[in-house]
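For reference, the chains in residue letters:
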Amino acid sequence: MGTDLHALLRSLRVWDAGTTTLPPFDPAKAPPTPLSLFTSWFADAVEAGQPEPHTMSLATTDAEGNADVRIVMLHGADADGWSFATHATSRKGRALAAHPYAALAFYWPVLGRQVRVRGPVTSAPSQESQADLHARSTGALAAALTGRQSEDLSSLEDLRQTSEAAWERARRNPTEPSPTWTLYRLHPQTVEFFQGDADRRHVRLEYRRDGFGWSRGLLWP
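Since the structure is predicted, the reported quantities are computational estimates derived from the model, not experimental observations. (Residues numbered from 1 in each chain as written. Predicted model: local features only at pLDDT ≥ 70, side-chain atom pairs only at ≥ 80, totals over all residues. Heavy atoms only, no water.)

1. Focus: the overall build of the chain
Per the secondary structure count, the chain includes six helices and ten strands. Each principal axis of the C-alpha distribution contributes one length, and for the chain these read about 60 × 55 × 40 Å. When the 221 residues of the chain are sorted by exposure, 35% land in the buried category. For the chain, the exposed surface amounts to about 13000 Å²; the carbon and sulfur share of it is 54%. In the chain, 23 positive and 25 negative side-chain charges are present, and the distance between their average locations comes to 3 Å. (Helix = DSSP H or I, 4+ residues; strand = E, 2+ residues; numbered from the N terminus. Buried < 20%, exposed > 50% of the residue type's maximum accessible area, 1.4 Å probe, protein only. Areas by Shrake-Rupley, 256 points an atom, 1.4 Å probe, with all protein chains shown as cover. Lys, Arg positive; Asp, Glu negative; His and termini not counted. Charge placed at Lys NZ, Arg CZ, Asp CG, Glu CD.)

Quick look at the structure:
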């Protein structure tokens, strides 16, 4: 007998008390800039044992207006924006070339928290992109050297052979460049912080960039 998806869905609960703590959040005490609050919340997620808190959803729109989303890794966040990397020739790289605007979403269920970031995206110079790549692991370099991201794959054997060759190159030359590897920065126009509440009175604080810096406002949950 097959799995009953709807029965499974009805059996699940969000923010189980055994695994989730919903901390209080007073938006009146939030710092004046979203980066400061993001850094604090990110540290809280790490301390709370959230698995892979540095992963995030990246949403893009391609030249035909079709939306897409995938999970990527945060490479950094500073005054210049939130950064991530991929091949410029990949599906998301092509979408960003056609429509350089994106959205990010972090979800940290151990604290019932989300962070959403939206804004235009720019690509870093090649030298900076390669430096970012070479600061990562041998496996990351091997994956970048494997290349051909999002292209059709004829067989898993082709992947194995190409990947093994890339791993050998990465071990032999840890600074070998991957010309299409690109570091991207999302320059935030809005950043929303969502704190879940057991009584469903969730707190949503949105920072909005204006000509003088940042303004803040609450949103209905």
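2. Concerning the environment of Ala170
Take Ala170: it is sitting in helix α6 (residues 156-172). Taking C-alpha positions, Ala170 is 16 Å from Ser129, a pair spaced 41 residues apart along the chain.

3. Description of the pattern of salt bridges
By the definition in use, this model includes twelve salt bridges. One salt bridge in this structure joins Arg116 and Glu192, with 2.8 Å as the shortest N-O distance. Taken together, the positions of Arg116 in strand β6 (residues 113-123) and Glu192 in strand β8 (residues 190-195) put the pair 76 residues apart, joining distant regions of the chain. By relative accessible area, which is 37% here, Arg116 ends up partly exposed. A residue is classified by how much of its surface remains accessible, and Glu192, at 4% relative accessible area, is buried. With a closest N to O distance of 2.5 Å, Glu176 and Arg169 form a salt bridge. Judged by its relative accessible area of 30%, Arg169 is partly exposed. (Salt bridge = Lys/Arg side-chain N within 4 Å of Asp/Glu carboxyl O.)

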